[in-house]
Amino acid sequence: MTKLISLAQLGWRPIFQQTLTLEQLEDGQVARVLGVDRERLLLQTEQVQWHEPAQKRWLSLPMDERPTVGDWVWLKPDTPGTLTLLPRQSLLQRVASGTNPKPQLLAANVDTVFIVSSCNADFNKARLERYLALALDSGVMPVIVLTKADLTDQVDHYRETAQSLHASTPVVLLNALDEQAAITLQPWTSEGQTVALLGSSGVGKTTLTNRLLGDQRFNTAAIREDDAKGRHTTTARQMVRIPDGGWIVDTPGMRELRLGDASEGVDRVFDDIVELARLCRFKDCNHQGDEGCALSAAIDRGELEPDRVRRFLKLKRETIIAQENVWERRQRYKGFAKVVKLAKNAKDLKKR
Ligand SMILES: Nc1nc2c(ncn2[C@@H]2O[C@H](COP(=O)(O)OP(=O)(O)OP(=O)(O)O)[C@@H](O)[C@H]2O)c(=O)[nH]1
Ligand SMILES: [Zn+2]
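Conventions we followed
- Residues numbered from 1 in each chain as written.
- Chains lettered and ligands numbered in written order.
- Predicted model: local features only at pLDDT ≥ 70, side-chain atom pairs only at ≥ 80, totals over all residues.
- Heavy atoms only, no water.
- UniProt positions renumbered as here; feature names shortened; annotations may be inferred.
- Helix = DSSP H or I, 4+ residues; strand = E, 2+ residues; numbered from the N terminus.
- Buried < 20%, exposed > 50% of the residue type's maximum accessible area, 1.4 Å probe, protein only.
- Contact = heavy atoms within 4.5 Å.
- Areas by Shrake-Rupley, 256 points an atom, 1.4 Å probe, with all protein chains shown as cover.
- Polar contact = N/O pair within 3.5 Å; in protein donor to acceptor, adjacent residues only side chain to side chain.
- Salt bridge = Lys/Arg side-chain N within 4 Å of Asp/Glu carboxyl O.
- Axes fitted to C-alpha atoms, helices over the stretch in contact; angles between N-to-C directions.
- Parallel < 35°, antiparallel > 145°, perpendicular 65-115°, else oblique.
- Left-handed = near helix turned anticlockwise from the far one by under 90°.
- Nonpolar A, V, L, I, M, F, W, Y, C, P; charged D, E, K, R; others polar.
- Phe/Tyr/Trp six-rings, centres within 6.5 Å; stacked < 30°, edge-to-face > 60°.
- Donors = N, O, S within 2.8 Å, 3.2 Å for Na, K, Ca; no water.
- Tetrahedral: all angles 85-135°; square planar, octahedral: opposite > 155°, others 65-115°.
- Expected span 1.5 Å × (residues − 1).
- pLDDT = per-residue confidence, 0-100.

- Under the annotation held in an unreviewed UniProt entry, the protein chain carries the name Small ribosomal subunit biogenesis GTPase RsgA and is attributed to Saccharospirillum mangrovi.
- What UniProt states about the protein chain under its Subcellular location (unreviewed entry) heading is, verbatim, "Cytoplasm".
- Its UniProt record, at the heading Subunit (unreviewed entry), says of the protein chain: "Monomer. Associates with 30S ribosomal subunit, binds 16S rRNA."

In structure tokens, the structure reads:
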């Protein structure tokens with residue numbers, strides 16, 4: 001059969017090969033999941049692309065064991081039920097909002113995530129750090145992409161501030177409306193590389209995606225001047241091939257992206273602070289002016305930015321709350337309900 005596309009072009013890496021037995025390699029074939037909806041998967045092998053109906057058994061699996069966009073699967077052609085998920089290199093997921101937050105898979109095997117913000121009111125250190133933590137926790141390499149560089153005369157300020165957040169993360173500034181933007185991003189979009197874009201509404205994700213894809217695939221919305229926020233316009237969940245050879249995963253709903261329990265990611269963004277905190281006198285130091293706190297001392301010496309420490313502690317607290325499982329949350333709520341009841345009883349007693 002003639003090849004439509006090679007496995008390398010699809011993003012296959014030798015490391016995936018190691019997860020398959022010789023028998024599996026001979027008996028079946030691997031395919032990449034290019035799209036997912038409620039009823040089916042869009043699968044691509046070297047030779048064919050087809051829609052595979054969703055299987056009932058997936059519904060009984062935990063969310064993270066179900067196939068998602070970017071996944072590699074092994075299967076025997078024309079043999080329903082053989083589809084097997086290969087171990088992932090990375091996994092982007094989000095915790096949906098609501099009282100009982102459940103993780104929702106966004107994409108697997110993404111190599112690079114473009115953390116998109118713009119050189120205007122959207123630029124926010126804490127938000128960028130949150131995205132950095134998410135990317136690093138998910139096993140994806142982050143790149144900070146600052147759009148609308150054409151609308152500011154403070155290009156250096158934005159570049160330096162973004163770079164100061166995490167030294168080893170590349171920072172690029174660009175005008176997403178300009179053709180040059182695709183060339184700037186080429187190191188991460190060439191053959192077989194998979195990228196995803198994260199960022200608030202209106203920062204230029206759709207514009208950038210269209211720039212990379214070379215046509216107007218997704219509609220863009222006009223930005224509201226007052227708050228530097230635009231309307232949400234992206235809807236599909238799929239991977240699309242970039243003419244340069246890479247892939248873009250289009251992931252909607254990023255505005256609700258929450259940190260989840262990305263505790264390791266937070267530690268990696270603030271690795272210098274984590275290192276320094278080891279020198280605090282007490283193991284349970286809460287780094288807020290406690291005796292013998294190495295962070296407070298570094299702040300006093302002018303070696304550490306107090307705001308950065310505050311942002312680190314805030315993100316850490318968020319991950320601790322996210323780590324609490326549902327049972328713990330319920331217990332906390334029950335405990336709280338008890339306190340309220342006791343207080344009420346005491347009040348009633350007083351009234352008598
Ligand atoms: N001047 C300038 N305008 C830009 C740039 N990037 C995006 N825009 C404009 O900003 C507006 C919002 O861009 P979108 O691409 O729709 O933003 P988005 O991030 O996809 O927004 P959502 O789809 O809501 O998540 C559009 O009017 C774009 O033309 C840029 O680098 N420079
Ligand atoms: Zn301390």
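1. Thoughts on the overall build of the protein chain
- A count of helical and extended segments in the protein chain gives 14 helices and 13 strands.
- Every one of the 352 residues in the protein chain was classed for burial, and the buried ones make up 43%.
- Put simply, 65% of the contacts in the protein chain that link residues at least 6 apart link residues at least 24 apart.
- Surface summary for the protein chain: the accessible area is close to 19,500 Å², and the carbon and sulfur share equals 51%.

2. Re the environment of E303
- Mapped onto the fold, E303 is located in the loop between α12 (294-300) and α13 (306-323).
- Of the polar contacts made by the side chain of E303, one reaches the side chain of R301; its length is 3.0 Å.

3. Concerning the pattern of salt bridges
- As enumerated under the stated definition, the model contains 15 salt bridges in all.
- Note that D307 and R310 form a salt bridge whose closest N and O atoms lie 2.7 Å from each other. Taken together, the residues D307 and R310, both in helix α13 and three residues apart, mark about one turn of the helix.
- Given a relative accessible area of 39%, D307 falls into the partly exposed group.
- One continuous salt-bridge network, built from bridges that share partners, spans K125, E129, E305 and R311.

4. Quick notes on the packing of helix α5 (residues 125-138) against α13
- Look at α5 against α13: their axes get within 11 Å of each other, and the N-to-C directions meet at 45 degrees. Taken together, the axes of α5 and α13 lie oblique to each other. Our pair here, α5 against α13, has a crossing hand that is right-handed. Judged by residue contacts, K125, A126, E129 and R130 of α5 engage R308, R311, K314, L315 and E318 from α13.
- The residue inventory of the contact of α5 with α13, partitioned by class, reads two nonpolar, no polar and seven charged.

5. Digging into the packing of aromatic side chains
- For the structure on display, the rule yields six aromatic pairs.
- On the numbers, 4.8 Å between centres and 80 degrees between planes, the contact of W12 with W72 is edge-to-face. One end of the pair, W12, is in the loop between α1 (7-10) and α2 (14-17); the other, W72, is in strand β4 (residues 72-75), with 60 residues separating them in the sequence.
- For W12, a relative accessible area of 11% corresponds to the buried category.
- The exposure class of W72 is buried, given its relative accessible area of 0%.
- On the numbers, 6.2 Å between centres and 85 degrees between planes, the contact of F114 with W188 is edge-to-face.

6. So, the coordination of the zinc ion (ligand 2)
- For the zinc ion (ligand 2), every protein donor is listed as C280 (SG), C285 (SG), H287 (ND1) and C293 (SG), and the spread of their distances is 2.1 to 2.4 Å.
- With four donor atoms in place around the zinc ion (ligand 2) and angles of 101 to 116 degrees between them, the coordination shape is tetrahedral.
- One chain supplies every donor for the zinc ion (ligand 2), spaced along it as C-x4-C-x1-H-x5-C.
- Accessibility expressed as a relative area gives 8% for C280, which makes it buried.
- Judged by its relative accessible area of 9%, C285 falls in the buried class.

7. Brief notes about α13
- With 18 residues, α13 extends 26 Å between its outermost C-alpha atoms, agreeing within 8% with the 26 Å of an ideal straight helix rising 1.5 Å per residue.
- Listing the buried residues of α13 in full gives R308, V309, R311, F312, L313, L315, K316 and T319.
- As for α13, its buried residues are in contact with α5, α6 (155-165), α10 (263-269), α11 (271-277) and α12.

8. Describing the side chain of D71
- Checked against the element boundaries, D71 lands in the loop between α4 (56-59) and β4.
- Residue D71 is classed as buried on the basis of its relative accessible area, which comes to 0%.
- Side-chain polar atoms of D71 contact the backbone nitrogen of T68, separated by 2.7 Å.
- Polar side-chain contacts of D71 include one of 2.8 Å to the side chain of R88.
- With residues up to four places along the chain from it excluded, the contact list for D71 reads A31, R32, V33, R66, L85, R88, A108 and N109.

9. Section: the confidence of the model for the protein chain
- With 81% of its residues at a pLDDT of 70 or more, the protein chain has an overall mean of 84.
- Considering each helix and strand of the protein chain separately, the mean pLDDT is smallest for helix α14 (residues 326-351), with a value of 53, and largest for strand β10 (residues 171-173), with 98.
- Ignoring residues within four places in sequence, the model shows residues 219-236, a span with pLDDT below 50, making 36 contacts including any to other chains.

10. Here's the deal with the environment of S201
- Within the secondary structure, S201 sits in the loop between β11 (194-198) and α9 (205-213).
- Expressed as a C-alpha distance, the spacing of S201 and V116, which sit 85 residues apart in the sequence, is 9.9 Å.

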